[in-house]
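# Observations on chain architecture
Spelled out from the first residue to the last, the chains are:
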Amino acid sequence: ERVKKLSPPAANEAPVFFGHFGFRECPGLLGENLACVDFQGEKSDRIGAYRWNGERKLSESNLVV
């Protein structure tokens, strides 16, 4: 069965956070309201997170690695 590709959320929609991927480095923010978190790279013990305070436009300063 084919996997459906999803479109990123529109700028006026609530933020979407996703993770559990084997990226070597955190891609971080992928748009104003789209962020990759909770990843663990190969041979790495670092985990990404985001300190969300209810904002619709995400900020790099709230990304914690």
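Further up the page is the structure itself.
These remarks concern the structure in this document. Computed from a predicted model, the values in this text were never measured in an experiment.

## Topic: the overall build of the chain
- For the chain, the count of helices and strands is 0 helices and 5 strands.
- Relative to its 65 residues, the chain shows a buried fraction of 29%.
- Within the chain, counting contacts between residues at least 6 apart in sequence, those at least 24 apart form 27% of the total.
- Counting only carbon and sulfur atoms, one obtains 51% of the accessible surface of the chain, whose full area is about 5200 Å².

## Here we look at the packing of aromatic side chains
- Here the structure, examined in full by the defined rule, presents 2 aromatic pairs.
- Taking 6.1 Å as the distance between ring centres and 65 degrees as the angle between the ring planes, the aromatic pair formed by phenylalanine 17 and tryptophan 52 counts as edge-to-face. Placement of phenylalanine 17 in strand 1 (residues 16-18) and of tryptophan 52 in the loop between strand 4 (49-50) and strand 5 (63-64) is noted, with a sequence separation of 35 residues between them.
- In this structure phenylalanine 17 comes out as partly exposed when scored by relative accessible area, which is 32%.
- By the ring-pair criterion, three or more aromatic residues cluster together here, those being Phe17, Tyr50 and Trp52.

## Details of the nonpolar core
- Leu29, Ala35, Val37, Tyr50, Leu58 and Leu63 together form the largest nonpolar core, which totals 6 residues.
- If we ignore the near neighbours within four places in the chain, the residues touching leucine 29 are Leu34, Ala35, Tyr50, Leu58, Ser59, Glu60 and Leu63.

## A short note on the side chain of glutamate 55
- Note that glutamate 55 resides in the loop between strand 4 and strand 5.
- Although glutamate 55 is buried, it forms no salt bridge, and the closest oppositely charged side chain is arginine 56 at an N-O distance of 10 Å.
- Polar contacts involving the side chain of glutamate 55 include one to the side chain of tyrosine 50, which spans 2.7 Å.
- A polar side-chain atom of glutamate 55 sits 2.9 Å from the main-chain amide nitrogen of asparagine 53.
- Those residues in contact with glutamate 55 that sit more than four places away from it in its chain are Pro15, Tyr50 and Asn62.

Rules used in this analysis
- Sequence order as written defines the numbering, with residues in each chain counted from 1.
- Local features are withheld for residues below a pLDDT of 70 in this predicted model, meaning they are given only at 70 or higher, and side-chain atom pairs are given and counted only at 80 or more; totals for whole chains, interfaces and linings count all residues.
- Water and hydrogen atoms play no part in the side-chain values, which are based on all heavy atoms of the structure.
- To qualify as a helix, a DSSP run of H or I must reach at least 4 residues; to qualify as a strand, a run of E must reach at least 2; elements of each kind are numbered from the N terminus.
- The classification of residues rests on relative accessible area computed with a 1.4 Å probe and restricted to protein chains. Under 20% of the type maximum is buried, over 50% is exposed, and intermediate values are partly exposed.
- Only heavy atoms enter the contact rule, under which two residues are in contact if any of them lie within 4.5 Å.
- Methods summary: accessible areas were calculated by the Shrake-Rupley approach with a probe of 1.4 Å, and residue burial reflects only the protein chains presented.
- Note on ring pairs: Phe, Tyr and Trp rings are taken, using the six-membered ring of Trp, and paired if centres are within 6.5 Å. Classes follow the plane angle, with under 30 degrees stacked, over 60 edge-to-face and the rest tilted.
- Take the buried Ala, Val, Leu, Ile, Met, Phe, Trp, Tyr and Cys residues and link them wherever side-chain atoms come within 4.5 Å; each set so joined is a nonpolar core.
- We treat Lys and Arg as the positive residues and Asp and Glu as the negative residues; His and chain ends play no part in the count.
- Counted as salt bridges are all cases of a side-chain nitrogen of Lys or Arg within 4 Å of a carboxyl oxygen of Asp or Glu.
- In protein, a polar contact means a hydrogen-donor-capable atom and an acceptor-capable atom, both N or O and within 3.5 Å, with residues adjacent in sequence counting only if both atoms are side-chain atoms; elsewhere, any N or O pair within 3.5 Å suffices.

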